Every structure is written in C-alpha cells, then in structure tokens.
Amino acid sequence: MTEPTRTAPRRAGQPGGSRSPGPAGRSHPVLRGDIEGLRAIAVLMVLLYHVRVPGFSGGFAGVDVFFVISGYLITGQLVKEARRDGRIRLPRFYARRARRLLPAASLTLLATTVAGWWLLPRSAHAELGTDVLGATGYVVNWVLAAREVDYLAEDSIPSLVQHYWSLSVEEQFYLGWPLLVILSRWVVHRYRLRLVPVLTITLTLVIATSLAWSIYSTATSPGTAYFATTTRVWQLGAGAILVLATPVIARLRAPAATGLAWAGLVLIAATITSITTATPWPGSAALLPTVGTAAVIAVGIARPQSSPAILLGKPPMRFLGAISYGLYLWHWPALGLLAQTHPDAGIITRLGIAAASILLAWATLHLVENPLRYRPALANSTARSLTFALLTMVLTAGAALALHSSAPVLSTRAQDDVLDLDGGPLDPGLATGPGEVVPTGSDVLIDDAGAIGLVVTASRTSDELEMIPDPHRVFTTSGPIYPDPGSATADIPMAAYDEDCQVKKESTALLDEGACWFGDPDGEKVAALVGDSKMLQWLTALDPIAREEGWRLKVYTKSACGLASIEMYPQCHTYNRALSTRLADGEHTPDLIFTSMVRSGGQELGASVAALLQPAADAGASVVVLADNPSPSASELGGPAYRCVEKHPNDYLACSYATGEGSGTPALRVAASRLEAPLIDLRGWICPADGAEPACPPVVGKVLAFRQGSHLTATYVASLTPILHHELVRAGVATTAYEQIPWRIPTPGDEG
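Residues numbered from 1 in each chain as written. Predicted model: local features only at pLDDT ≥ 70, side-chain atom pairs only at ≥ 80, totals over all residues. Heavy atoms only, no water.

Novice: What's the story with the environment of Asp-543 in this structure? I'm lost.
Specialist: Of note, Asp-543 is situated in helix 22 (residues 539-549). Judged by relative accessible area, which is 11%, Asp-543 ranks as buried. Along the chain, Asp-543 and Trp-517 lie 26 residues apart, while their C-alpha atoms are 9.6 Å from each other. For Asp-543, the contacting residues outside a window of four places in its chain are Phe-518, Gly-519 and Leu-553. Side-chain polar atoms of Asp-543 contact the backbone nitrogen of Gly-519, separated by 2.7 Å. (Helix = DSSP H or I, 4+ residues; strand = E, 2+ residues; numbered from the N terminus. Buried < 20%, exposed > 50% of the residue type's maximum accessible area, 1.4 Å probe, protein only. Contact = heavy atoms within 4.5 Å. Polar contact = N/O pair within 3.5 Å; in protein donor to acceptor, adjacent residues only side chain to side chain.)

In structure tokens form, the structure reads like this:
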C-alpha cells in the first residue's frame, strides 16, 4: 500500500453577525475576519502542499484547521437556536446545509466525472465511479479507509474526489451532533438542568473518547485512521467546545489574548514546516494544528481587535477565505488530472493549475453557490430545499453509475471469444520442435493460449519441458487480449476472495477449520497454501491440479504476510506463530505445504521461513517452495503493466521489461535448501525471450500477464497450470503420468 494523499476540507457557514444584501435580494452574513483568515491559511496549506511547493510538508494538516472552524461555527448555530427557540428544527438545519454545500459540490463532482471518463484510462473508471457515488452520499471517507487496507488496491491512483473525504467526515458529524444537542436539551428539560453544563459534559466525553481512539487507531491501523470519522470527531469537538466556553473565554485580557493568538499561529506554522507524511496522523500529533486553531478562534471571541485578528481579516485573506470552499473542491481534481495526463509537469505548470482553480472558485461562488444558496424559492422553503438536495444527489449518483458501467468487466464469453478455449487449428510450427511443422489447415486441435503456446508439444511427455524455438511468435503485440487491461485488477482467484480466504492485515486469527477448502473434496491427501497473496495467486493452478491428484486443498494465506518470523508486521508475526503451531500439531498437519512470498531478503529471512515450517516437516509434511515471479517495474513503465498496455494498444511490447528473479526468491531458495524441499521456478515461462532484453512481454498468447503490482492475472496462472503440474510430477510431489496432464487452460466449468 501507498501513503494516503492528504487533503483538506471546505468552509462552513457562520451563525449570525452583521448582514448585507445577498445576490438574490436576500441578506447573508458578513463573516468574522479572523475566521476568514484562518480559512485562507488552511486552504493555502492544502493547495501549496498539493502543488508540492518546498517547505509545506505538513500542509495536508489544513484539514485539521478546517475541522476546528466547522465544529465551532455549526455548534454556534445549534446552541443559538436551542436557546432562542427551545428546540432544533432538524429539517430546516439540513435544508440550510444542503443549500450551502450541494451546488458547488455537485457541480464539481459532475465535472470531475465527465473529465475522468474522457481523460482517465478505462481501468480507472469503475473506481472513480465508486468514489463519486460515495462522495455524493458523504461516505467516501469510509470507501477510502477500506481501500487503504485492501491489498488488491495497491495500484489505485489517487482518486480525483479523494478530497471529499473530509466533507464526508463533517457531514457525518452534522448528522450526529444535532441529535446529541437535542438529547441534551431533553435532559435539561426533564431534570431541570442548565443546557451549557450538560452539553459541556457530553462534548468532553465525546472529545476524550475520540482522541483516545485516534491515538490508538493511528498506531495500529494508520491508513484507516486517517480517513475515519471516529478519529476526527475530537477535532470538530474542539471547535464546538469553544462555543460553550464563550463566557470564560470572554474574560481574557488583551495582552494574554494577543499572546495566545500569536502562539496559536506559531503552532499552525510549526505544523506546516515540521510535520511530514511520515508523521503518524492524526493521533496525538494532530493536537498541534487543532490546539493552535482553537487558540486563534478563542482570541477572536474575547478580543476581536487583537493584532492577529486584524491581520487575519485583511482583504486578501478575506478573499481567499470567501472562496476557500470552491478552491478546495476544484484544485484537487485539476491537479490529479494533470498528474495522470502529464506526469512530468513541473512546478510552474502546477502553480498555473492552482491559479486557474482560484479563478474557477471565484466564479463558482458568484455564479453558483450564492445565487442558489440565497434564492428565495429555496431559502424560504425547507421542503423545496430538501427536494432540490435529493434531485441533485440523484443526478450526481446517476453520473457516477454511468461512469462505473463504462469500465470493462471480466466475462467468460469474452474469454472464450479471445482465447478460443475450445481449441482451434494449431498454428504452423507454433508448438512443435525444431524441424516439426504442422501443415496449414491441419485438423490438430490444441489450446495454445498464454504460456501453453510456449511449450514444444513433443516435450510434454518427457521429464524436461522445452521452449519453442522462437517464443517471440506468441508475444501478442496488438488486438484483443484477455483479460482486457481495463479489468485486469478483477482477474484474481475469485473463489478465494469471495470466501474471504485471504486473512486481512489487521487480523491475527486463523480461519475456521471448515473454511476455505478447495481441490478434491473427497481427496485422501491434504495440501495447505501458506504465505502472502503471491502464494494465493497460484490457487488458480493448484486447485485443478489438486482435483487431478486427489488432494484436498486448504488456504491459510494472509495479506502482505509471508510465512516468516522477521521483517513482517506485528499481526503477521502473531498469525505466523499460530499457523506454525497448527500445522505441526498432528491433527492438522497436512501431507503437503506450498509456500511463496514477495518479501525480499537473504539468509536470515529464509532461515526464519524454514524455522516456522520445520515443525510441520518434522510432523510428516512435505514442503514445496514456489519461487516468486519477476515483477514489472512501475517506474520504468510509467505505472502498472496492465495500464501501460492500455496506453499502448498498437504496441504491447512497448511495455516489456527486463527479466530477473522475483524479489522473494532469494529468501525462498534459502528456505528450500534448509528444508531440503523442491524449489519450483516458472520464471522462464513468464519471461521467455532469449537474447535481447527486455525478455518479459506483457502479453503472451493473447493473455495479459500481470494485474496489481507483481501479481499474475488468474488467466495467465491458469495457462501455467499444466506446466506447474508437470514440474510437480517431475519433483515427485504429484503422481499423475505426464501423458495424463491436461494441456489446456482450466475454466470455471472444469471445477468439481
């Protein structure tokens, strides 16, 4: 997994203040200068961080500044209404939120959806469609949190709507916090208490719980913690509690207030320069911008004429604060599209995009946001406002679904059409030995898709398989292939993932004994798959092999967790110790254990693999080590191999790469040696070119070789099935006669 791109949210409304005529003949608030200035600082932090201006390594924390501001302003509205009217009208509250947020947010989502459809590769359409749908429903933060722990999402490009995660956090807060205020108001009425003390106690408990969870979750699951609402509520609460503490804050004397405000600005500045993406976040480190922002707001309550407040209220700061919502919305998809279409664009170009975003934000404020927000037909009717919100969200959701449906999908019919799995005339000389040429028009039928077409036919019944004389002849250079590059990431061992056989990174528990069995259900022997996802990829081949051999096949794999006792993460080490114990306990000891992994290392790592497998070997299990396969270089290809193929439809070989060992092979070789186990290395059937480099083609026999990272597509693994089966027979692990090995790609219809 990559470090999540850190972004910041929008501005919120202001509860009151002097009023001036609005654009539709309706008055609207003149906002506090210090608040507008803080918004300006926050959006500049985020903007310059995303433009990659030196010195703004902590600019992503502008989001934290915005959270505090939003918590303060929204709570001010709620408390004011509760005190004035004795109740909170939720429909009216949500109608105000809809008029404030949806016009600009929906416009940006629609524009981004169209731009993504036009400019992004088809392989990115489904994911962007999902994200736009999540952003429409203000739950995209949870979509992104799930993706952070999804091992199959390692090649995901930063979402063009990833910045909507913070809006989602705020809207979820706006759903829950009014209900707590209403509940507190009921308690006040029921027990004749005072509102502010009850709210203060409630909010303090919320802040303390959320902060504690944020610290814990950041340490144990940082990817999820960054996007989760539960780890951010305390920051919104920090702003909210300022409203409740207003009588105390108002007593601050001028010198102390001025010093406190400057100290708050220093804390924000320190965040910008001293925090980096390597800092665990949010956690306790987020106290720096949170406390700093709260201090500045507090001084604005007590001493609005302090020197920091006057500075923050200068016209340029007010201008940026006023457009901060639109600027936040537009800048990220614009920079994201630039990164995808012109990855080498320099800082001048990026600054140009930032400037264009400022102009677009200004236009959006005056042509879209304010005209709709203050339009009498909407502002005077809660029902019309909520209907407008619903229709807007339906429109955006429809666009998201349309984009999602434009992405290629895996299809058995497409597989049959492209690969002709029922067989076809053998190409002259394609799968024969030297001097053996099959006449044109021969009625000899053979499945030669993928790696199968690389094997000399006559060698299939011998101890050693032979490569055809000219493997380049089966390197597909253009035309239909399977899987389509746009759906490559879905070409996985689906049965295993559908049953959740790949244990999640955060889990340490072994799967139930009755779960995740494959192969021959009546088999007399048991084989186990242990290791990370590079082991699980071979299930596509080992499942049909197990059915031929009469093995029951049990999956014990875990995400990013090779079976080693060092150089992994804590949950992996715990899981591996438990698995090593189970495999050696006699009752659960399998006849065969297959293992592989991607983790690079040498003697020490390999020795730790052997040490965990040795107890099972001593209990009677035979170990088979599968070498790690070579990996395409994303830096050389400009991204994943399948995306490179997608960008070069007329020359797939432009995405070839140099051969080499898989990163995990050196340690696996050590483990095999110590265990006296066979090491099966199929590298030559993945990178078969002889002579000129690069030797690894992206498409062989119309089959796309790679999906996420260094993982092989399930279809290419399927084409390696008879080759792997042959090598297992040769190693004495399998017993099927060479003549009985099915030389074809297994399909779902072959499953028992």
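We are not done yet, so read on.
Novice: In this structure, what is going on with the pattern of salt bridges? I would like to understand it.
Specialist: Oppositely charged side chains may form a pair once their charged atoms are brought near each other. Per the stated rule, a full pass over the model turns up 15 salt bridges. For Asp-64, the salt bridge goes to Arg-232, with nearest N and O atoms at 2.9 Å. Here the residue Asp-64 occupies a position in helix 2 (residues 62-85), and Arg-232 occupies one in the loop between helix 8 (222-227) and helix 9 (233-244), the gap between them amounting to 168 residues. Classification of Asp-64 by relative accessible area gives buried; the value is 0%. Judged by its relative accessible area of 0%, Arg-232 falls in the buried class. A salt bridge links Arg-122 to Asp-484; its shortest N-O distance comes to 3.8 Å. Taken together, the residues Arg-122 in the loop between helix 3 (90-119) and helix 4 (125-136) and Asp-484 in the loop between strand 4 (445-446) and helix 20 (494-498) connect sequence positions 362 residues apart. One continuous salt-bridge network, built from bridges that share partners, spans Glu-81, Arg-92 and Arg-96. (Salt bridge = Lys/Arg side-chain N within 4 Å of Asp/Glu carboxyl O.)

Novice: What's the story with the state of the cysteines in this structure? I'm lost.
Specialist: Here a disulfide denotes a covalent bond joining the sulfur atom of one cysteine to the sulfur atom of another. Evaluated as defined, the whole model comprises 4 disulfides. What pairs with Cys-561 in a disulfide is Cys-572, and their sulfur atoms sit 2.0 Å apart. Disulfide Cys-561-Cys-572: torsion about the S-S bond near 85 degrees, hence right-handed. Note that Cys-561 is positioned in the loop between strand 7 (551-555) and helix 23 (570-583) and Cys-572 in helix 23, a separation of 11 residues in sequence. You'll find Cys-561 and Cys-572 in the same group, each marked buried. Cys-644 shares a disulfide with Cys-655; S-S distance 2.1 Å. Here Cys-644 and Cys-655 share a disulfide; its torsion about the S-S bond, -90 degrees, makes the bridge left-handed. In this pair, Cys-644 sits in helix 26 (residues 641-647) while Cys-655 sits in the loop between helix 26 and helix 27 (665-675), placing the two residues 11 residues apart along the sequence. Under the relative-accessibility criterion, Cys-655 is labelled buried at 0%. Each bonded cysteine of the protein gets a number by its place in the sequence, and the pairs then read 1-2, 3-4, 5-6, 7-8. (Disulfide = S-S within 2.5 Å.)

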